[in-house]
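Tertiary structure, described
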Amino acid sequence: MKRDDLTLDAALRPPRAAGSALGWLTRWHRKLAWVAGLAVLAWGLTGVLHPIMSALTPTVQPLPPAAALPADLQPVPLAQLALPAGPIQSVRLRMLGETPAWRIGQPGQAQGLWFDARSGAQLPQADAQEAERLARALVGDAHSPVRQLTPVYEFSRSYPAINKILPVWRVEFARADGMVAFVDTEGRRLASLSDRTKRTLMPVFSLLHTWSWASEPVKRVGITVLLVLVLASMAGGLAMYVLRWQKGTLKAGQKPLRRWHRGLGVVLGLAGIVLTASGLTHLWLQRAPYVAASPKPLAVLPELHHLPAQTAGLTAVNVQGQAYWLQERAKPAKNAQPAAGGHQHHAPAASNSALPIYLDAHGMAQPGLALVHAGELVRQVQRGELVGPVKQVQLIERFGGEYGFFQKRLPVYRVDLDNAANSSWYIEPATGTFSTRVEDADRFEGWLFAYLHKWHWLDGLGKSNRDLILASAAAANVALAVLGLLLWRRKRPTAAAGR
């Protein structure tokens, strides 16, 4: 045969699959199969686990509103109490069971000192008793014995940093489910609640889904590499289907394993890409928490000569070097609030209320002092460098919107600054503790994660239905990965035999 005939014959032959786009995609789809498949198994299974953990989370009982202090109370002055030497972090006047009492907090101490507000006598072990009372009310268990009651001063595997509040009391009940409550007697609130089931499942989720075992650089690089490989495998699979459909080479009579893998890939490919891409953007766009300055101890202790009626509690605060009382008004029982620690995400927008009342030593309200205190607190947590003037101050009394339950602290000021980032600073007025900072970049990342990774666009169907749909999508992607791994395993002996 002549050379010209050979050249013409080669030109007329269809290109080999290995040299075509389809062949290239097929080859790389198989090469990535085992890595991407195992990654999808780990994240998909723990994705299914998350709504299960949510459903199995122990139910938190709402605390009743704080009781009003007696109208005829004339509390013993602070100067007459046997106060400890050294700085004082907090002073509160409120009911301790049936007794009006002063609570004195020291820096870094979980155990506050309590004094009878009528007699001035110190109440030994009162803080531990208050911790047990809070735990029983939050768990809804008045009878089970307490196995262990211990203060906690640092975060650990059993009490991770996501709980935010320190120091706290750990109250362990002698129950079959191993119920443990972490409570803050200073803020009269729950920090965390767990039973044996939650303590078993949560480490599995943290280990596989968020890589809690890895350092930050290892976590970011490792998860990024795996997610990029998963995205490449998913996108490549969809591209292969489109090319085969265009070429008309899709075969209806293929074996069930391949047919199911292809069908699931077409149906779930977009959902898998959205979940994977949103996880990747969350990894890179979520900013590290702002490291704020710690609240300062009280420099001046206020006097108290008159107690206004319907007062549930008073908290000492310093504003512009002067001592005042932050008033907590008594509320009717119908306004009892769910305690922090429930499992809800991205609730409706947080509700705001009128700014709290600040009182002088004679019980007289000090108009405008809330705005002054809020601005001062922002400067303090920013170490004196206020980034933009204060635009608006609101009091947030419910979790919701960009200030979710995982922030733990209520009530807080939301201080909006007039700057390019539209910064909102959330600070607890009673303690001066920084809670969180939210800017436009955080709002954008939060929206992406909420709507693309957690599918909150399905909230209209109800939380249970949304979780069921999301868990089903994750489970179906796990099935898709398993089918792909089985196909990959079958191909290996064939490829080895052909070498």
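Residues numbered from 1 in each chain as written. Predicted model: local features only at pLDDT ≥ 70, side-chain atom pairs only at ≥ 80, totals over all residues. Heavy atoms only, no water.

1. A short note on the sheet that holds strand 5 (residues 168-173)
As a reminder, the rule being used: Strand pairing follows a simple DSSP-based rule, namely that at least 2 bridges must link the two strands. Helix and strand definitions here come from DSSP, where helices need a minimum of 4 consecutive H or I residues and strands a minimum of 2 consecutive E residues; each element is numbered from the N-terminal end. To obtain each axis, a line is fitted to C-alpha atoms, and for helices this fit is confined to the stretch in contact; angles are then taken between N-to-C directions over 0 to 180 degrees. We call two residues contacting when some pair of their heavy atoms lies within 4.5 Å.
Strand order in the open sheet formed by four strands is 4-5-6-7, with antiparallel pairing between adjacent strands. Every other strand in the sheet has two partners, leaving strand 4 (146-152) and strand 7 (189-194) as the edge strands with one partner each. Averaged over all neighbouring strand pairs, the angle between strand axes comes to 20 degrees, with direction disregarded. Pairing of strand 6 (residues 180-184) with strand 7 involves five bridges; the strand directions are antiparallel. For Val183, the partnering residue across the bridge sits in strand 7 and is Leu190. Sheet strands touched by helix 3 (residues 126-139): strand 4, strand 5, strand 6 and strand 7. Its angle to strand 5, the strand with the most contacts, is close to 60 degrees.

2. Structural notes on the pattern of salt bridges
Short version of the rule: Any Lys or Arg side-chain nitrogen found within 4 Å of a carboxyl oxygen on Asp or Glu counts as a salt bridge. The cut-offs for exposure are 20% and 50% of the maximum accessible area for each residue type, with area from a 1.4 Å probe on protein chains only; residues under the lower value are buried, those over the upper are exposed, and the others partly exposed.
Under the counting rule described, the total for this entry stands at 24 salt bridges. Close ionic contact of Asp177 with Arg175 constitutes a salt bridge, the shortest N to O distance being 2.6 Å. Residue class for Asp177 comes out partly exposed when judged on its relative accessible area of 25%. Close ionic contact of Asp184 with Arg189 constitutes a salt bridge, the shortest N to O distance being 2.9 Å. Each member of the pair, Asp184 as well as Arg189, is classed as buried. If you follow the salt bridges from partner to partner, you end up with Glu402, Arg414, Asp416, Asp440 and Arg443 in one network.

3. Considerations on the pairing of strand 5
In terms of residue burial, strand 5 counts as a mostly covered element, since six of its six residues are buried. Neither face of strand 5 is open: one carries Val168, Arg170 and Glu172, the other Trp169, Val171 and Phe173, and all of them are buried. When strand 5 meets strand 6, the two strands line up antiparallel, connected through four bridges. Bridged to Arg170 within strand 6 is Phe182. Here strand 5 folds back onto strand 6 in antiparallel fashion, the turn holding six residues, of which Gly178 has a positive phi close to 65 degrees.

4. Some thoughts on the environment of Gln286
Structurally, Gln286 can be placed in the loop between helix 6 (256-285) and strand 8 (311-319). A relative accessible area of 44% means that Gln286 is categorised as partly exposed. For the pair formed by Gln286 and Gly446, sequence separation is 160 residues and the distance between their alpha carbons is 8.2 Å. Not counting residues up to four positions away in its chain, the partners in contact with Gln286 are Arg220, Thr281 and Glu445.

5. Regarding helix 3
Going by this rule: Multiplying one less than the number of residues by 1.5 Å gives the expected span of a helix.
Taking 1.5 Å as the rise per residue, helix 3 with 14 residues should run 20 Å; its terminal C-alpha atoms sit 20 Å apart, in good agreement. Of all 14 residues making up helix 3, 10 are buried, and the element is well covered by its neighbours. Of the residues making up helix 3, those classed as buried are Ala126, Asp127, Ala128, Glu130, Ala131, Leu134, Ala135, Arg136, Leu138 and Val139.

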